[in-house]
Amino acid sequence: MTDIVPHSEDTSEVMPKVTRETSAQRINLAFIKNTKAVGIVMIIIGILGILVPNLIGLAFNTYVGGIFLISAIALAFNAWQYKTQDMSLWFKPFILMALALIIFTHPAIILGVLGLLIAIYFLISGFSAVVVSFGLNSSAKFFSLLSGVISFILGVIVLTNWPFASAWVIGLIIGMTFLFDGIALLSISNQLKKTQY
C-alpha cells in the first residue's frame, strides 16, 4: 500500500513551475488584449479627428476650460466652507474662474497655446517612435517608423504655422497621428501574439 501513494516531494517540485508559467501567460495575454484595445480606440479617435477636425480642436479647448472651471468651483467651495475673513483663499479660485472664462470666450488664445504644446508633443512622440521602431520586427517596425516620421513632420508643420494654425489644423494633425499610432499598436499586438504561441 505504501508503494502506491505518490511521493509528496515530486508533486511539490512540479506544481510551482506550472503555476508560474500560467500566470506569466495570463499577464502576456492581458497585455496583448490591452494593447489591441488601446490601438482600436486610438484608430477611432484618429478617424474622428480626420473627419471632423474642428470638433477635436474645440474639444481640447473645452477640456482645458472645463478643468479650470471645475478647479475654481472646488476651491471656492473649500474657501466658503472654511468661513474665514481672509481673502487669500478666494484669490486662486477667482484667477482660475477668470482663466476659464477667457478660454471659453476667446478659444483662439488657448488653441494657439495648445498648438505650441501639440507641436512639442509631436516632435517628442515622433522621435521616440523612431527609436522604438529599431527594436521591432516585420510590419510593426514599418508602422512604428512611419508613425514617428509623420509625427515629427506634423510637429514641424504646426511650429511653422504657429500661432495662426486654426482648430481644424490641430484636429486634423491629432487625428492622423492617433490613426497611425493605433495601427502601430495593433501591429505590435499581433507580433506579440505570434511570439506568444
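Residues numbered from 1 in each chain as written. Predicted model: local features only at pLDDT ≥ 70, side-chain atom pairs only at ≥ 80, totals over all residues. Heavy atoms only, no water.

Draft legend 1. Expanded view of the overall build of the protein chain. A count of helices and strands for the protein chain gives 6 helices and 0 strands. For the protein chain, the sequential pattern of α-helices and β-strands runs α-α-α-α-α-α. Pairs at least 24 residues apart make up 81% of the contacts formed inside the protein chain by residues separated by at least 6 positions. Split by element, the accessible area of the protein chain, about 13,100 Å² in all, is 74% carbon and sulfur. (Helix = DSSP H or I, 4+ residues; strand = E, 2+ residues; numbered from the N terminus. Contact = heavy atoms within 4.5 Å. Areas by Shrake-Rupley, 256 points an atom, 1.4 Å probe, with all protein chains shown as cover.)

Draft legend 2. Broad picture of the environment of A119. Following the sequence through the fold, A119 ends up in helix α4 (residues 107–133). Exposure remark for A119: the relative accessible area of 0% places this residue in the buried category. Here the alpha-carbon distance between A119 and I157, two residues 38 residues apart in the chain, equals 8.0 Å. Apart from residues lying up to four places away in sequence, A119 is in contact with G155, V158 and L159. (Buried < 20%, exposed > 50% of the residue type's maximum accessible area, 1.4 Å probe, protein only.)

Draft legend 3. View of a nonpolar patch on the surface. A contiguous nonpolar surface patch, about 640 Å² in accessible area, is contributed by I40, I44, I47, L48, L51, V52 and L55. Of the residues forming the nonpolar patch, the biggest block, 5 residues, is contributed by helix α1 (residues 8–51). Looking at where L51 falls in the secondary structure, it is placed in helix α1. (Patch = residues over 30% accessible without salt bridge, like charges linked within 9 Å, V, L, I, M, F, W, Y side chains within 5 Å. Salt bridge = Lys/Arg side-chain N within 4 Å of Asp/Glu carboxyl O.)

Draft legend 4. Broad picture of the environment of A37. By secondary structure assignment, the location of A37 is in helix α1. Along the primary structure A37 and S189 are separated by 152 residues, whereas in three dimensions their C-alpha atoms are 9.4 Å apart.

Draft legend 5. Structural detail: helix α3 (residues 88–105). Here α3 is 18 residues long and its end C-alpha atoms lie 26 Å apart, about the 26 Å a rise of 1.5 Å per residue gives. Within the sequence span of α3, burial applies to P93, L96, A100 and I103. One side of α3 carries all its buried residues, which in axial view fall inside an arc of 80°. In α3, the exposed positions angled more than 90 degrees off the buried face are occupied by F91, F94 and T105. Buried residues belonging to α3 abut α2 (53–82) and α4. (Expected span 1.5 Å × (residues − 1). Arc of directions from axis to C-beta.)

Draft legend 6. How the structure looks around the packing of aromatic side chains. Counted under the stated rule, the structure contains 2 aromatic pairs. Each ring, one from F77 and one from W80, has its centre 6.1 Å from the other, and the planes form 35°; the classification is tilted. Here F77 and its partner W80 are both found in helix α2, 3 residues apart, which amounts to about one turn of the helix. According to the relative accessible area criterion, F77 is partly exposed, its value standing at 48%. For W80, a relative accessible area of 47% gives the class partly exposed. Measuring from ring centre to ring centre gives 5.6 Å for Y121 and F122, while their planes differ by 50°; the resulting arrangement is tilted. On the basis of relative accessibility, which here comes to 39%, the residue Y121 falls in the partly exposed class. Its relative accessible area of 1% is what places F122 among the buried residues. (Phe/Tyr/Trp six-rings, centres within 6.5 Å; stacked < 30°, edge-to-face > 60°.)

Draft legend 7. Local environment of the confidence of the model for the protein chain. Chain-level statistics for the protein chain give a pLDDT mean of 76 and a share of 80% at 70 or above. Looking at the elements of the protein chain, mean pLDDT is at its lowest for α1, recorded as 69, and at its highest for α3, recorded as 85. Predicted confidence is poor over residues 11–19, with pLDDT under 50, and the contacts of this stretch with residues over four places away or in other chains come to 0 contacts. (pLDDT = per-residue confidence, 0-100.)

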